[in-house]
Amino acid sequence: MAAAATKNAPKLGTLFIAAQLVDWGFFLFAIVGVEKMRIEPGITAMNPLDLYHMPFTHSLVGTLAWAFAFMILLLLLKRQFVTAGIAALVVASHWLIDLLVHRPDLTIAGGEARYGFGLWNNPAAAIALELGMTLAAFLWYIARTKGPIMPPWILLAFLLMLQSINWFGPQPTEANFMLYGMALLSFGLAAWIASWVGTTRRHMDDRGLAGGGPRR
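Criteria and thresholds
- Position labels on residues start from 1 in each chain and follow its written sequence.
- In keeping with the model being predicted, local features are shown solely for residues with a pLDDT of at least 70 and side-chain atom pairs are shown and tallied solely at 80 or more, while totals for entire chains, interfaces and linings include all residues.
- To obtain the side-chain values, all non-hydrogen atoms of the structure were used and water was disregarded.
- For the purposes of this entry, the term helix denotes a DSSP run of H or I that reaches at least four residues, the term strand denotes a run of E that reaches at least two, and both are numbered from the N terminus.
- Any N or O atom pair separated by 3.5 Å or less is treated as a polar contact, with the protein-specific requirement of one donor-capable and one acceptor-capable atom, and with residues adjacent in sequence counted only for side-chain atom pairs.
- In what follows, a contact means two residues having at least one pair of non-hydrogen atoms within 4.5 Å.
- Between buried and exposed lies partly exposed: a residue is buried under 20% and exposed over 50% of the maximum accessible area for its type, with that area taken using a 1.4 Å probe on protein chains only.
- A pair of strands counts as paired when DSSP detects no fewer than two bridges linking them.
- Surface patches are defined over residues having more than 30% relative accessible area and no salt bridge, joining like charges when they lie within 9 Å and nonpolar side chains (Val, Leu, Ile, Met, Phe, Trp, Tyr) when within 5 Å.
- Working definition of accessibility: Shrake-Rupley area with a 1.4 Å probe, residue cover restricted to the visible protein chains.
- Salt bridges are counted wherever a side-chain nitrogen of Lys or Arg sits within 4 Å of a carboxyl oxygen of Asp or Glu.
- Values of pLDDT, ranging from 0 to 100, describe the predictor's confidence in every residue of the model.
- Take the buried residues of types Ala, Val, Leu, Ile, Met, Phe, Trp, Tyr and Cys, join any two whose side-chain atoms come within 4.5 Å, and each joined set is a nonpolar core.

### Considerations on the side chain of Thr 107
Link 1 in the chain: Along the chain, Thr 107 turns up in the loop between α4 (81–101) and α5 (123–144).
Link 2 in the chain: A distance of 2.9 Å separates a polar side-chain atom of Thr 107 from the backbone nitrogen of Gly 110.
Link 3 in the chain: For Thr 107, the contacting residues outside a window of four places in its chain are His 58, Ser 59, Leu 60, Trp 95, Ala 113, Arg 114 and Tyr 115.

Below, the structure is given as structure tokens:
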């Protein structure tokens, strides 16, 4: 939704990176052993991921630090406060969305107290939430931008495919490099497709023809 909020919003690919930035960080940290997870079948109804040590990415303070760092990076690159501020808000929103679905494994600053409302233990509610957010964002983006319609549909199909695999596909049996690498690959492909979509469409308030290439 953020990509269509204003013509000064970051491009769609940048926002996809922002939305998953702390997950990028987590899986990269997991590869080198800084943050940790393990597979515990039955720990939630929807997945077996025990995310037991992630203070640098999925604590509230950690997430806000990533948001601030991303904002500073975009300010240096784009020199546009609205662009950088929107991206930072998208990064920060990740913790709040995770709070809804995670079991209590999120912290404020890496302490012992852990939080999470646990919608992953209610598959119908979790799937409805994720589908609703995805479709609402898609429809808002289509309504507020102009350009070829096929690229956004391709992106939506890819995202729904990833979600379906996550919901209904085989569950991982081991937390290892292959699992972390596949997660990073899926994030990268989604951001790459979103970046392409962003070059084909413009905000309704932006003058000029769609498809003229990236502006930022």
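### Focus: the environment of Ala 175
Link 1 in the chain: Mapped onto the elements of the fold, Ala 175 is located in the loop between α6 (150–168) and α7 (177–200).
Link 2 in the chain: On the accessibility criterion, Ala 175 (23% relative accessible area) is partly exposed.
Link 3 in the chain: Separated by 125 residues in the primary sequence, Ala 175 and Asp 50 place their C-alpha atoms 9.6 Å from one another.
Link 4 in the chain: Aside from chain neighbours lying at most four places away, what touches Ala 175 is Met 37, Arg 38, Ile 39 and Tyr 180.

### Points about the pairing of strand β1 (residues 36–39)
Link 1 in the chain: What you see with β1 is a clean split: Met 37 and Ile 39 sit on the buried side and Lys 36 and Arg 38 on the side with no burial.
Link 2 in the chain: In the sheet, β1 pairs with strand β2 (residues 49–53) via 3 bridges, with the strands oriented antiparallel. By the bridge assignment, Arg 38 is partnered in β2 with Asp 50.

### Notes on a nonpolar patch on the surface
Link 1 in the chain: On the surface, a cluster of nonpolar side chains totalling about 580 Å² of accessible area is made up of Leu 28, Ile 31, Val 32, Val 34, Phe 56 and Phe 177.
Link 2 in the chain: Inspection of the secondary structure puts Val 34 in the loop between α2 (21–32) and β1.
Link 3 in the chain: What makes Val 34 partly exposed here is its relative accessible area of 35%.

### Examining the pattern of salt bridges
Link 1 in the chain: Evaluation of the coordinates by the stated rule reveals 2 salt bridges.
Link 2 in the chain: Note that Arg 38 is salt-bridged to Asp 50, the shortest N-O span being 2.7 Å. Of this pair, Arg 38 sits in strand β1 while Asp 50 sits in strand β2, and the two are 12 residues apart along the sequence.
Link 3 in the chain: A relative accessible area of 37% means that Arg 38 is categorised as partly exposed.
Link 4 in the chain: Ionic pairing is found between Asp 50 and Arg 103, a salt bridge with its closest N-O pair at 3.5 Å.

### Let's talk about the confidence of the model for the protein
Link 1 in the chain: Of all residues in the protein, 92% attain a pLDDT of 70 or more, and the chain-wide mean is 91.
Link 2 in the chain: Taking the mean pLDDT of every element in the protein, the minimum, 81, falls on strand β4 (residues 202–203) and the maximum, 98, on α2.
Link 3 in the chain: With pLDDT under 50 throughout, residues 209–216 is counted as low confidence; its partners more than four residues away or in other chains account for 27 contacts.

### Overview of the nonpolar core
Link 1 in the chain: Counting 16 residues, the largest nonpolar core has Ala 18, Ala 67, Phe 70, Leu 74 and Val 91 as the members making the most contacts within it.
Link 2 in the chain: Those elements giving two or more residues to this core turn out to be α1 (12–19), α2, α3 (60–78) and α4.
Link 3 in the chain: With 7 residues, the top contributor of residues to this core is α4.
Link 4 in the chain: In contact with Leu 74, not counting residues within four places along its chain, are Thr 14, Arg 79, Thr 83, Ala 84 and Ala 87.
Link 5 in the chain: Core analysis: the second largest hydrophobic core is formed by 14 residues, Phe 27, Ala 30, Ile 39 and Phe 187 among them.

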